[in-house]
Amino acid sequence: MTVTVAVIGAGADPDTVGPEGFSMGYRHAEAIQSIDECTLVGVADIVEENAVAFADAYDLGDEAVFTDVAELVDERSPDMVTVAVPPHVHADVVIECARGGVEAIHCEKPIAATWADSRLLCQEAARFGVQLTFNHQRRFKPSWELAQELLADGAVGDIERVETYATNLYDWGTHCLDALGFFTDDVPADWVLAGLDYRTENVWFGVHNENHATVSWEYENGIHGHAFTGGPWNPLDCRHRICGSEGELRVDVTDGPGIDVRRYDGDGSTHDPEGADAIQLAMAEVVTAYRTDGTSRLAATNALNGTEIIFAAYESVRQRGRVELPLEIEDHPLETMVSEGTLTPVDTDD
Ligand SMILES: NC(=O)c1ccc[n+]([C@@H]2O[C@H](COP(=O)([O-])OP(=O)(O)OC[C@H]3O[C@@H](n4cnc5c(N)ncnc54)[C@H](O)[C@@H]3O)[C@@H](O)[C@H]2O)c1
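Overview of the structure. Think of each chain on its own: its residues are numbered from 1, step by step along the sequence as written. Per-residue local features of the predicted model are confined to residues with pLDDT of at least 70, and side-chain atom pairs are confined, for both listing and counting, to 80 or more; whole-chain, interface and lining totals are unaffected and use all residues. To obtain the side-chain values, all non-hydrogen atoms of the structure were used and water was disregarded.

1. Observations regarding empty space enclosed by the protein
Unoccupied space between atoms shows up once a probe the size of one water molecule is rolled over them.
1) Next: Cavity and pocket criteria rest on a 1 Å grid covering protein atoms alone: a 1.4 Å probe that fits but cannot get out defines a cavity, protein on both sides within 12 Å along at least 5 of 7 lines defines an open pocket, and an atom within 4 Å of a point defines a lining residue. Grid points are joined across faces, edges and corners, and a volume is the space filled by probe spheres set on the points. Applying the stated criterion across every chain, the model contains one cavity of 30 Å³ or more.
2) Next: Taken as a whole, the largest cavity holds about 30 Å³ of empty space.
3) Next: The wall of the largest cavity is formed by Pro110, Ile111, Ala112, Tyr170, Thr174, Thr307, Ile310 and Phe311.
4) Next: The leading source of residues in the lining of the largest cavity is helix H9 (residues 300–319), at three residues.
5) Next: Residues are grouped as follows: Ala, Val, Leu, Ile, Met, Phe, Trp, Tyr, Cys and Pro are nonpolar; Asp, Glu, Lys and Arg are charged; all remaining types, including Gly, are polar. For the lining of the largest cavity, the per-class residue count stands at six nonpolar, two polar and no charged.
6) Next: Split by domain, the lining of the largest cavity shows at least three residues from each of two domains, domain 1 (3–137 + 279–298) and domain 2 (139–274 + 306–339). Per the convention used, a helix needs a DSSP run of H or I reaching at least four residues, while a strand needs a run of E reaching at least two, with both numbered from the N terminus. Note that domain bounds follow an automatic or database assignment of domains.

2. Describing the site of the ligand
1) Next: Near the ligand lie 27 residues; those nearest to it are Phe22, Ser23, Met24, Asp45 and Lys109.
2) Next: Note that an oxygen atom of the ligand is positioned 3.0 Å from one of the backbone N or O atoms of Gly11.
3) Next: At 2.4 Å, a backbone N or O of Phe22 approaches an oxygen atom of the ligand.
4) Next: Using a 1.4 Å probe, accessible areas were evaluated by the Shrake-Rupley method; residue-level cover was limited to the displayed protein chains. Relative to its free-state accessible area of 860 Å², the ligand is covered by the protein chains to the extent of 89%.
5) Next: Judged by the fraction of its atoms near the pocket grid, the ligand is located in the largest pocket.
6) Next: Per-domain counts for the shell around the ligand show at least three residues from each of domain 1 (3–137 + 279–298) and domain 2 (139–274 + 306–339). When at least one non-hydrogen atom of a residue lies within 4 Å of a molecule or strand, that residue is treated as near it. Throughout this description, a polar contact denotes any pair of N or O atoms lying within 3.5 Å of each other; where both atoms belong to protein, one of them has to be capable of donating a hydrogen while the other can accept it, and for residues adjacent in sequence the pair is counted only when both atoms sit in side chains. Think of it this way: if more than half of a molecule's atoms are within 2 Å of a pocket's grid points, that molecule is in the pocket or cavity.

3. Concerning the packing of aromatic side chains
1) Next: Only Phe, Tyr and Trp rings are paired, with Trp represented by its six-membered ring, and only when their centres lie within 6.5 Å; those with planes under 30 degrees apart are stacked, over 60 edge-to-face, the remainder tilted. As enumerated under the stated definition, the model contains nine aromatic pairs in all.
2) Next: Between the aromatic rings of Tyr26 and Phe54, the centroid separation amounts to 5.1 Å while the plane-to-plane angle is 65°, which identifies the pairing as edge-to-face. Linking Tyr26 in helix H1 (residues 24–33) with Phe54 in helix H2 (residues 48–57), this pair joins segments that are 28 residues apart in sequence.
3) Next: Note on exposure labels: buried denotes an accessible area under 20% of the residue type's maximum, exposed denotes more than 50%, and partly exposed covers the range between, all computed with a 1.4 Å probe on protein chains only. The buried category is assigned to Tyr26, whose relative accessible area is 6%.

4. Here we look at the packing of helix H6 (residues 142–152) against helix H7 (residues 173–183)
1) Next: The angle between two axes is taken between their N-to-C directions and runs from 0 to 180 degrees, where each axis is a line fitted to C-alpha atoms and a helix contributes only its stretch in contact. Close contact between H6 and H7 brings their axes to 9 Å; oriented N to C, the two are set at 25°. In terms of their interaxial angle, H6 and H7 are classed as roughly parallel. Both H6 and H7 take part in a crossing whose hand is right-handed. In contact with Trp144, Glu145, Ala147, Gln148 and Leu151 of H6, H7 contributes His175, Cys176, Ala179, Phe182 and Phe183.
2) Next: Its residues assigned to classes, the contact of H6 with H7 shows seven nonpolar, two polar and one charged. Roughly parallel means an angle under 35 degrees; roughly antiparallel, over 145; roughly perpendicular, 65 to 115; everything else is oblique. Here is the rule for handedness: rotate from the far helix to the near one, and if that takes an anticlockwise turn smaller than a right angle the crossing is left-handed, while a clockwise turn gives right-handed. Any two residues whose heavy atoms approach within 4.5 Å at even a single point are treated as in contact.

5. Some words on the side chain of His208
1) Next: Mapping His208 onto the fold places it in strand S10 (residues 207–208).
2) Next: Residue classification places His208 among the buried positions, given a relative accessible area of 12%.
3) Next: In terms of polar contacts, His208 uses its side chain to reach the side chain of Tyr198, at 2.7 Å.
4) Next: Other than its neighbours up to four places away in sequence, His208 contacts Tyr198, Glu201, Asn202, Val203, His332, Leu334, Glu335 and Val338.

6. What about the pairing of strand S14 (residues 247–253)?
1) Next: Burial analysis of S14 places five of its seven residues in the buried class, the great majority of the element.
2) Next: Strands qualify as paired when DSSP identifies two bridges or more between them. The antiparallel hairpin formed by strand S13 (residues 238–244) and S14 contains two residues in its connecting segment.
3) Next: Two strands pair when backbone bridges link them, and S14 and strand S15 (residues 259–263) are joined in this way by five bridges, in the antiparallel orientation. Considered in S15, the bridge of Arg250 is made with Asp260.

7. Re the nonpolar core
1) Next: Residues Ile105, Leu121, Trp217 and Leu249 are the most contacted members of the largest nonpolar core, which totals 81 residues.
2) Next: Three or more residues apiece are contributed to this core by two domains, here domain 1 (3–137 + 279–298) and domain 2 (139–274 + 306–339).
3) Next: If near-sequence neighbours (up to four positions away) are discounted, Trp217 is found in contact with Leu177, Leu180, Ala189, Trp191, Val192, Ile223, His224, Gly225, His226, Ala227 and Ile309.
4) Next: Here, nonpolar core refers to any group of buried Ala, Val, Leu, Ile, Met, Phe, Trp, Tyr and Cys residues whose side-chain atoms link them within 4.5 Å. In terms of nonpolar packing, the next biggest core, distinct from the first, is built from 32 residues, Val5, Cys38, Ala55 and Val287 among them.

Following this line, the structure appears as structure tokens:
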């Protein structure tokens, strides 16, 4: 079975990366081209020169270039699309594709720029029977993947607490919150409590991100979570720390191994797994799930759990209290607090 794939959102320049853009469409295309069953059949970008440059790079031909998503879907009828547009347009693009008959949609993280849009695009994909996945590709990073396997095999006994450190909660943190879900059986949380500092403007892909935060929550299965972001230092000496009844497992130890397991009985082990490119591994698994009617590790339901914690953390700051879930807000509280003047980050570029 051949899977025809189109990319939505090419990006301006794959060689220039930063908070303004990474041209993730090119990374998607490289991953698609590495999969024998996939054929790249089109690109859409509202900036025509971006779409044309992308089509030239992959020899797609003029007939594969679009500036309108609906026209691309209508004329090329791709089985699958990958979405690499900024977060505030994820919902519009995903819903357009779902309603247009696309059967599998692999969308970039974070899910969307508001909690309402996050729920809506997942709801519409489910309603139209679309396989919707999000590119939390770090579930395929060798150290994160092996950590999940070791934890599932009982490396630290029963998991009691999971901790993570990220540059920020929304843009980078979505990978980390997603990973903690991966380590703890992908269940929703019951409540979230958070505090943050936002004094210097920090906008990633058009969305505000705090400078420093601490977040606590409890999953439905009783496991506690803690996230630390930004600030002057990483209070963990690693990316993730998982504490269990029989020991601790640390992932991506600073200046250390990919995984360090220390058991309270005195045993321990370190691991430095190697692997291929995580974006390619993620894309291959998503395509296989589509071809075999299986379930991807990157399924929308998994992504929603971490995303709810992120938006609930910002809501906790707005409410100055603990937020009980499910989260019943519509907006992105940090964005609202900035636009209403409750938070006044300074633009240091001025
Ligand atoms: N998974 C990761 O590790 C990772 C890394 C970087 C960025 N991202 C995510 O990828 C997404 C895209 O980021 P990027 O860095 O590639 O951005 P980018 O700015 O480099 O590219 C986005 C492209 O989308 C186009 N676009 C905007 N609105 C559109 C629309 N309505 N229809 C069609 N095209 C449209 C723009 O013209 C631009 O060419 C974001 O959600 C970002 O958070 C993920």
